[in-house]
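Chain and residue survey
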Amino acid sequence: MAQASIKDSSIFLTEIKVSFAAQSPFGDMADRFGLNSNIGLEVMLKSVSGFTFSAQGSFLFSNKLKETSILDPLRDADGNIVDLNGDFANVLTMERGYTVTGKIGYLWNVLGPNPNSGFLFQLGGGILQHKIRIEANRNYLPQLQGDYIKGYDRLTNGFTFQQFIGYQYLSNRRLINFYFGVEAFEALTRNRRVWNFDQVAADNSLRTDILLGLRAGWILPLYPRPPKAIYFD
């Protein structure tokens, strides 16, 4: 009895994927942020029939902030923020966020070195969260410390849909394994803070946050090696 080989058969695989994506925001998210980077980790199970099941988490970050008016109440007539020591404060604002999703998909074997490579189609859903990270570590600004910073950071999250269309390549000798493709997130989110200090109001509106980008990564495939053939005379 011989165990199937990745070279000539579609086999059950556990794949650990580490990836990087460059993403562009659309919808309401485009009014707040610019292009962002995304680092992802995914664990995927591929069945013999080609169906896939996976869990994915990613961390998104960027220094491109468009909604710069959040700190206007703290600025003087010249547009500067002055700390309690009378020094001009250097306040940094940036994007931070994450996604956690579960996905199902199908691997269509075509243009690959073996039946475990080909075009990959995935659909999923989960959580998308983002906020404005505010840093003023070198200045004494009590209004941007502790719970006060929550009135400015626009913490936002909600359910997201996810789609991925790409190509997966697994070598016959485990040496070169990678994937790449187009990925999209469409999220229905809300601001989770009770009060926005700069607006002097609560924001309970429903948002549509969209991310579209290109993702590429390295794959660690886990599967047993087939035993060597033994012949008896």
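For the structure itself, look to the data block above.
This is a predicted model, so every value here is computed, not measured.

This paragraph deals with the overall build of the protein chain. Within the protein chain, the regular secondary structure consists of zero helices and eight strands. Mapped from its N terminus to its C terminus, the protein chain presents α and β elements in the order β-β-β-β-β-β-β-β. The C-alpha atoms of the protein chain give a radius of gyration of 24 Å, which is well past the 17 Å a tight globule of 233 residues would have. Its C-alpha atoms put the protein chain at 95 × 35 × 25 Å along the principal axes. Going through the 233 residues of the protein chain one by one, you find that 44% of them count as buried. Look at the contacts in the protein chain between residues 6 or more apart in sequence, and 72% of them connect residues 24 or more apart.

As enumerated under the stated definition, the model contains 10 aromatic pairs in all. Ring geometry for phenylalanine 59 and phenylalanine 61: centres 5.5 Å apart, planes at 20 degrees, overall stacked. On the basis of relative accessibility, which here comes to 39%, the residue phenylalanine 59 falls in the partly exposed class. Phenylalanine 61 sits in the partly exposed class, given a relative accessible area of 25%.

Turning our eyes to something else, we now look at the pattern of salt bridges. Within the structure shown, the criterion is met by 11 salt bridges. A salt bridge links glutamate 67 to arginine 32; its shortest N-O distance comes to 2.7 Å. Taken together, the positions of glutamate 67 in the loop between strand S3 (51–62) and strand S4 (92–108) and arginine 32 in the loop between strand S1 (13–27) and strand S2 (36–46) put the pair 35 residues apart, joining distant regions of the chain. Its relative accessible area of 16% is what places glutamate 67 among the buried residues. On the accessibility criterion, arginine 32 (4% relative accessible area) is buried.

Strands pair in a sheet through their backbones, by hydrogen bonds, and they do so in one of two ways: parallel or antiparallel. Strand order in the closed barrel formed by eight strands is S1-S2-S3-S4-S5-S6-S7-S8, and the pairing between neighbours is antiparallel. Across this sheet, the average inter-strand angle for adjacent strands is 25 degrees, counted without regard to direction.

What follows is about a nonpolar patch on the surface. On the surface, a nonpolar cluster with roughly 1,100 Å² of combined accessible area is contributed by Phe12, Leu45, Val48, Phe51, Phe53, Ile104, Tyr106, Trp108, Phe121, Leu123 and Ile165. Looking at the nonpolar patch, the element that brings in the most residues is S4, giving three residues. Among the structural elements, isoleucine 165 can be located in strand S6 (residues 156–170).

Moving on: the pairing of strand S7 (residues 177–191). With 15 bridges connecting them, S6 and S7 associate as antiparallel partners. Looking across to S7, one finds that leucine 170 is bridged to asparagine 177. Linking S6 back to S7 in an antiparallel pair, the connection comprises six residues, with arginine 174 at a positive phi of about 65 degrees. Two elements, S7 and strand S8 (residues 207–222), share 12 bridges in a ladder whose sense is antiparallel. Residue pairing for S8: glutamate 186 is matched across the bridge by isoleucine 210.

So, how was this worked out
- Residues numbered from 1 in each chain as written.
- Predicted model: local features only at pLDDT ≥ 70, side-chain atom pairs only at ≥ 80, totals over all residues.
- Heavy atoms only, no water.
- Helix = DSSP H or I, 4+ residues; strand = E, 2+ residues; numbered from the N terminus.
- Rg over C-alpha atoms; globule rule 2.2 N^0.38 Å.
- Buried < 20%, exposed > 50% of the residue type's maximum accessible area, 1.4 Å probe, protein only.
- Contact = heavy atoms within 4.5 Å.
- Phe/Tyr/Trp six-rings, centres within 6.5 Å; stacked < 30°, edge-to-face > 60°.
- Salt bridge = Lys/Arg side-chain N within 4 Å of Asp/Glu carboxyl O.
- Pairing = 2+ DSSP bridges.
- Axes fitted to C-alpha atoms, helices over the stretch in contact; angles between N-to-C directions.
- Patch = residues over 30% accessible without salt bridge, like charges linked within 9 Å, V, L, I, M, F, W, Y side chains within 5 Å.
- Areas by Shrake-Rupley, 256 points an atom, 1.4 Å probe, with all protein chains shown as cover.

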